[in-house]
Amino acid sequence: MAADAGGGDRPLREIVKSFESLAATVTSSTTVDVDVGEFSHACSLVSPLFSSLGFAFKFAEMDYVTKVADLAEAAKRYSTLESLIEEDVKEDTVRNRGSHSRNLLRVKRGIDMVRVMFEKIIATEGNSLKDSPSKAYTQVFAPYHGWAIRKAVAAGMYALPTRAQLLTKLNEDESSASTQMQNYVPASEPVIQYIDGLFISRDLGIDW
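Quantities reported herein were computed from a predicted structural model and do not represent experimental measurements. By convention here, each chain's residues receive numbers from 1 onward along its written sequence. For this predicted model, a pLDDT threshold of at least 70 governs which residues receive local features, and a threshold of 80 or more governs which side-chain atom pairs are given and counted, while totals over whole chains, interfaces and linings are taken from all residues. Note that water and hydrogens are dropped before the side-chain values are worked out from all heavy atoms of the structure.

### Structural notes on the nonpolar core
In step 1: One finds F19, F39, F57, I111, F118 and F199 to be the most contacted residues of the largest nonpolar core, which totals 66 residues.
In step 2: Contacts between residues were defined by any pair of non-hydrogen atoms, one from each residue, lying within 4.5 Å. Setting aside chain neighbours within four positions, we find F57 in contact with F50, M113, P133, Y137, M157 and L160. Here the nonpolar core consists of buried residues drawn from Ala, Val, Leu, Ile, Met, Phe, Trp, Tyr and Cys, with membership extended through side-chain atoms lying within 4.5 Å. Each residue is placed in one exposure class: buried if its accessible area under a 1.4 Å probe, protein chains only, is under 20% of its type's maximum, exposed if it is over 50%, and partly exposed if it falls in between.

Okay, structure coming up:
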């Protein structure tokens, strides 16, 4: 089951807990050093959310899982996200396909898409789930995907689970899910901003 893959019976709670810990690190008044292993673990907990959305996000799920796995492997060599990027800058490989920096940027988009989707779900009533994932995909992923992928995602939107079905997969009810989603949004925002800052402060850009 998707819920089991999230590191527990209720993956949303595990996700929130991990991102609240990361948020505490990046908003600390002391020197910020985000551990690659801790970050990749937190991101791995998000994977079941993509699989819970079904065919529409199958490509995103596979791409996300692969890149999170790369960061987990990179944790054996690099202690912090900053040192990981610095090595790619030194080797002039930041934008190379398969580079750790490139994968980090794409994983960041994954957690950002979940943030936007949760914001939409919280603000939407009814049992249909189509609008929230669709709008989140359009805002975060679509600008970087080719026509074929965008078309496949659009077609898959018609096979999305209902809101009730999604909550069942995540082992949450309406009230508890809303609480966890509301907690994830502010926990993920500073982490996303921190990663953007690592790229922008080095004039690497984030829109590629």
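Next comes the rest of the account.
### Overview of the pattern of salt bridges
In step 1: The rule for a salt bridge is simple: a side-chain nitrogen of Lys or Arg has to be within 4 Å of a carboxyl oxygen of Asp or Glu. One pass over the structure, following the stated rule, counts 12 salt bridges.
In step 2: One salt bridge in this structure joins E82 and R202, with 2.8 Å as the shortest N-O distance. Residue E82 is found in helix α6 (residues 81–91), and its partner R202 is found in the segment after α11 (174–200); the two are separated by 120 residues along the sequence.
In step 3: Note on E82: relative accessible area 30%, which makes it partly exposed.
In step 4: The class for R202 is buried, based on a relative accessible area of 18%.
In step 5: With its nearest N and O atoms 3.8 Å apart, the salt bridge here joins R115 to E189. Of this pair, R115 sits in helix α7 (residues 100–123) while E189 sits in helix α11, and the two are 74 residues apart along the sequence.
In step 6: For R115, a relative accessible area of 14% corresponds to the buried category.
In step 7: E189 gets classed as partly exposed once you look at its relative accessible area, which sits at 29%.
In step 8: When salt bridges with common partners are traced through the structure, they connect D112, R115, E119 and E189 into a single cluster. Numbering of helices and strands starts at the N terminus; helices are DSSP runs of H or I of at least 4 residues and strands are runs of E of at least 2.

### Some remarks on α7
Each α-helix turn comprises 3.6 residues. Residues three or four places apart therefore point the same way.
In step 1: Over its 24 residues, α7 extends 35 Å from the first C-alpha to the last, a length consistent with the 34 Å expected when each residue adds 1.5 Å.
In step 2: Counted residue by residue, α7 has 20 buried out of 24 residues, so it is predominantly covered. For a helix, the expected span equals 1.5 Å multiplied by the residue count minus one.

### Quick notes on the environment of D33
In step 1: Within the element layout of this structure, D33 appears in the loop between α2 (11–26) and α3 (36–44).
In step 2: Along the sequence, D33 and L81 sit 48 residues apart, while their C-alpha atoms lie 7.4 Å from each other.
In step 3: Beyond its immediate stretch of four places on either side in the chain, D33 contacts T25, T80 and E82.

### Some details on the packing of aromatic side chains
In step 1: Any two rings among Phe, Tyr and Trp, with Trp reduced to its six-membered ring, count as a pair given centres within 6.5 Å; such a pair is stacked if its planes are under 30 degrees apart, edge-to-face if over 60, and tilted if neither. By the definition in use, this model includes six aromatic pairs.
In step 2: Between F118 and Y184, the aromatic rings sit 5.4 Å apart at their centres with planes inclined by 75°, giving edge-to-face as the arrangement. Placement of the pair is F118 in helix α7 and Y184 in helix α11, with a sequence separation of 66 residues. Residues F118 and Y184 agree in their burial class; the two are buried.

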